[in-house]
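# Architecture at a glance
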Amino acid sequence: MDNKETYSLQEAILYSHKMAQLTKAIWKAIEKDWQDWVKPFDLNLNEHHVLWIAYHLKGATISEVSKFGVMHVSTAFNFSKKLEQRGLLTFSKKEDDKRNTYVKLTDQGVKLFEETMEAHDSERNSVMNASLPLKSIYGRFPEFQDLESIVKHLYGDEYLEILDRSLESLSEETRS
C-alpha cells in the first residue's frame, strides 16, 4: 500500500511544519535548562549526555553513545575524548571485540555525574514548569506513547530499549 494515498500534500506539509516548530521550541528550552544545570560543573550539554549514557548503561560503546545521544559517531567520540582528558571516563577494547570502542566512567566521573544529578533543580526547569498545568488538570504529566512510536520508526527498537534501560537505572537510584 502506498502511504501517500492516506494523506494530502497539504496535510504532510502542515504536519511536518508543526512538528518541526513545536519540537524545536521545546528542544530550545530543554537545551538552555540543561546548559544552565551543568555549567557550574564545567560541562557542556554533550559532555553531560555522554556521562549520563555511560553511567546508566554501566559503560557503553561509542556506537551506543552516538545512537542514544542522537549524535554523529565522531561527535560522541570527540566529547568522550574530552571527558577522558579530564579523567572522567576511560576508553577500552574488549579482548573478544576489537571492533568496538567502549567508554566507562572513572570513579571521578561517577562522582561528578552524581553531583550533577543532586544539583538538578526541577523548579528551574522550564519544560517541567510548563507541564505543571497539565499535571494539575489531569493528575499526571503528558504521556509519550505517540512520540515513542515516531522515535521507534525513526531510530528502531534498540533506541527505545536503551532509553528504557536508562530510565530503569534512574528509577532505581531515585528510590534509594
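Everything here concerns the structure above.
As a convention, each chain's residues are numbered from 1 in the sequence order in which they are written. Given that the model is predicted, a residue must reach a pLDDT of at least 70 before its local features are reported, and side-chain atom pairs must reach 80 or more before they are shown or counted; all residues, however, enter totals for whole chains, interfaces and linings. Excluded from the side-chain calculation are hydrogens and water; included are all heavy atoms of the structure.

## A closer look at the overall build of the chain
Put simply, DSSP H or I for four residues or longer makes a helix, DSSP E for two residues or longer makes a strand, and each gets a number counted from the N terminus. In terms of regular secondary structure, the chain is built from eight helices and three strands. Its helices and strands taken in sequence order, the chain reads α-α-β-α-α-β-β-α-α-α-α from the N to the C terminus. When a residue's accessible area, from a 1.4 Å probe over protein chains only, is under 20% of the maximum for its type it is buried; when over 50% it is exposed; and in between it is partly exposed. Evaluated residue by residue, the chain yields a buried proportion of 28% over its 176 residues. Restricting to contacts in the chain with at least 6 residues of sequence separation, those with at least 24 account for 52%. A 1.4 Å probe and the Shrake-Rupley method give the accessible areas. Residues count as covered only by the protein chains that appear here. As displayed, the chain offers around 12,300 Å² of accessible surface, 54% of which is attributable to carbon and sulfur atoms. We count Lys and Arg on the positive side and Asp and Glu on the negative side, and we leave His and both chain ends out. A charge is said to be at NZ when it belongs to Lys, at CZ for Arg, at CG for Asp and at CD for Glu. Averaging the positions of the 23 positive and the 29 negative side-chain charges in the chain gives two centres separated by 4 Å. By the convention used here, residues are in contact when the closest approach between their heavy atoms is within 4.5 Å.

## Let's talk about the packing of helix α7 (residues 145–155) against helix α8 (residues 157–175)
Axes here refer to lines fitted to C-alpha atoms; in helices the fit is confined to the stretch in contact. Angles between the N-to-C directions go from 0 to 180 degrees. As a packed pair, α7 and α8 sit with axes 6 Å apart at the nearest point and diverge in direction by 125°. As judged from the angle between their axes, α7 and α8 are oblique. Of the residues in α8, those touching α7 at E148, V151, K152 and Y155 are D157, Y159 and L160. When residues are grouped by polarity, Ala, Val, Leu, Ile, Met, Phe, Trp, Tyr, Cys and Pro land in nonpolar, Asp, Glu, Lys and Arg in charged, and all others, Gly among them, in polar. For the contact of α7 with α8, a count of residues per class yields four nonpolar, no polar and three charged. In these notes the angle categories are as follows: under 35 degrees is roughly parallel, over 145 is roughly antiparallel, 65 to 115 is roughly perpendicular, and the rest is oblique.

## Digging into a nonpolar patch on the surface
What goes into a patch is any residue over 30% in relative accessible area without a salt bridge, connected to like charges within 9 Å or, for nonpolar side chains (Val, Leu, Ile, Met, Phe, Trp, Tyr), within 5 Å. Any Lys or Arg side-chain nitrogen located within 4 Å of an Asp or Glu carboxyl oxygen qualifies as a salt bridge. On the surface, a cluster of nonpolar side chains totalling about 700 Å² of accessible area is made up of Y15, V70, F144, L147, I150, L154 and Y155. Among the elements that line the nonpolar patch, the one with the most residues is α7, at four residues. Given the relative accessible area of 45%, V70 is considered partly exposed.

## Regarding unusual backbone geometry
Located in the positive-phi region is K58, a residue other than glycine, with phi close to 55°. The phi angle at V70 is positive, at roughly 50°, despite the residue not being glycine. Tracing the backbone shows V70 in the loop between α3 (62–68) and α4 (73–85).

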